[in-house]
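Structural characterization, general
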Amino acid sequence: SVSDLSDVRPSDWYYDAVNHVFENGLMNGTSDTAFSPNATTSRGMIVTILYRLAGTPDMPESSWGYPYADVDAAAYYGTPVYWARMNSLVTGYSDEQFGPNDAVTREQLAVILFRYAQYKGMDTVTLEENLTGFADADEISGYAVSALNWAVGAGVLKGTGTGLAPKANATR
């Protein structure tokens, strides 16, 4: 249980979120006694969380398509990587490379979550402008503007003081 984790305390701002993902099997600890909430999140971790959130859909291996040279099908993220590709949530850098251990930035996370929301049929239309109040809004990559606007408006992503830190790594 989350009470066994030495690095997650009830007074932490993320306690309820960690408890939710831990108790619902969306995320595991990094050991039997640690969650590592401030550790960097990888591409493999993100697709695994979303795959579990989607109910670990059956994936016949015949439909996986071309293999990624850097994705071991037996790894914890193996099936989720191909599921994410098949559902246009996350693509590889190329037909051969996915980068499962590469860190995910905050803007990349917003794009992935935006695509997942669309996959689930959620309303992702955001008419209001939610990014102008952030001092670093001009640092947002063009491909991520709509997704970040949605993520901020929906309360999925918050700023870090006066900035949004779009290029900073997302943490667990």
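Use the structure listed above.
Report follows, based on the coordinates. Keep in mind it's a predicted model, so treat the numbers as computed, not measured.

1. Let's talk about the overall build of the chain
- For the chain, the helix and strand inventory stands at five helices and zero strands.
- Secondary structure elements of the chain, listed N to C terminal, follow the sequence α-α-α-α-α.
- The C-alpha radius of gyration computed for the chain amounts to 17 Å, which stays within 12% of the reference 16 Å derived for 172 residues, consistent with globular compactness.
- With the principal axes as the frame, the chain shows a C-alpha extent of 45 × 40 × 25 Å.
- Looking at the chain as a whole, 42% of its 172 residues qualify as buried.
- Residue pairs in contact within the chain that sit at least 24 positions apart in sequence constitute 67% of those at least 6 positions apart.
- Total accessible area on the chain is roughly 9,200 Å²; 50% of this is exposed by carbon and sulfur atoms.
- When the 10 positive and 20 negative side-chain charges of the chain are each reduced to one mean point, those points stand 1 Å apart.

2. Structural notes on the packing of helix 2 (residues 43-53) against helix 3 (residues 78-86)
- Interhelical geometry of helix 2 versus helix 3 gives an angle of 80° and a closest axis separation of 8 Å. Accordingly, the angle class assigned to the pair helix 2 and helix 3 is roughly perpendicular. Contacts from Val 47, Thr 48, Leu 50 and Tyr 51 of helix 2 reach helix 3 at Thr 79, Pro 80, Val 81, Trp 83 and Ala 84.
- Looking at side-chain class alone, the contact of helix 2 with helix 3 contains seven nonpolar, two polar and no charged residues.

3. What about the packing of helix 4 (residues 106-119) against helix 5 (residues 145-153)?
- Taken N-terminus to C-terminus, the directions of helix 4 and helix 5 make an angle of 80°; their axes are 8 Å apart at the nearest point. One way to sum up the angle between helix 4 and helix 5 is to call them roughly perpendicular. The segment helix 4 lies against helix 5, with Arg 106, Glu 107, Ala 110, Val 111, Leu 113, Phe 114 and Ala 117 engaging Ser 146, Ala 147, Leu 148, Trp 150 and Ala 151.
- Along the lines of polarity and charge, the residues of the contact of helix 4 with helix 5 split into nine nonpolar, one polar and two charged.

4. A few points about the environment of Asp 7
- If you trace the backbone, Asp 7 turns up in the segment before helix 1 (15-23).
- Look at Asp 7 and you get buried, because its relative accessible area is 19%.
- Separated by 97 residues in sequence, Asp 7 and Val 104 have C-alpha atoms that sit 22 Å apart.
- The residues touching Asp 7, leaving out its near neighbours within four places in the chain, are Asp 12, Tyr 14, Thr 33, Ala 34, Phe 35, Ser 36 and Pro 37.
- Here Phe 35 takes part through its backbone nitrogen, which lies 2.9 Å from a polar atom of the side chain of Asp 7.

5. Things to note about the nonpolar core
- Ranked by internal contacts, the top residues of the largest apolar core, which has 21 residues, are Val 71, Val 81, Trp 83, Val 90 and Phe 98.
- Put simply, the parts of the chain that give this core at least two residues each are helix 2, helix 3 and helix 4.
- Leaving out residues up to four positions away in the same chain, Val 90 has contacts with Arg 43, Val 47, Ala 84, Arg 85, Phe 98, Ile 112 and Arg 115.
- One finds Val 111, Phe 134, Ile 140 and Ala 147 within the second-largest nonpolar core, a separate group that totals 15 residues.

6. A short note on the pattern of salt bridges
- Tallied over the full model, the rule gives two salt bridges.
- Put simply, Arg 9 and Asp 12 hold a salt bridge, and the shortest N to O gap is 3.6 Å.
- Look at Asp 12 and you get buried, because its relative accessible area is 14%.

Rules used throughout
Residues numbered from 1 in each chain as written. Predicted model: local features only at pLDDT ≥ 70, side-chain atom pairs only at ≥ 80, totals over all residues. Heavy atoms only, no water. Helix = DSSP H or I, 4+ residues; strand = E, 2+ residues; numbered from the N terminus. Rg over C-alpha atoms; globule rule 2.2 N^0.38 Å. Buried < 20%, exposed > 50% of the residue type's maximum accessible area, 1.4 Å probe, protein only. Contact = heavy atoms within 4.5 Å. Areas by Shrake-Rupley, 256 points an atom, 1.4 Å probe, with all protein chains shown as cover. Lys, Arg positive; Asp, Glu negative; His and termini not counted. Charge placed at Lys NZ, Arg CZ, Asp CG, Glu CD. Axes fitted to C-alpha atoms, helices over the stretch in contact; angles between N-to-C directions. Parallel < 35°, antiparallel > 145°, perpendicular 65-115°, else oblique. Nonpolar A, V, L, I, M, F, W, Y, C, P; charged D, E, K, R; others polar. Polar contact = N/O pair within 3.5 Å; in protein donor to acceptor, adjacent residues only side chain to side chain. Core = buried A, V, L, I, M, F, W, Y, C linked by side-chain atoms within 4.5 Å. Salt bridge = Lys/Arg side-chain N within 4 Å of Asp/Glu carboxyl O.

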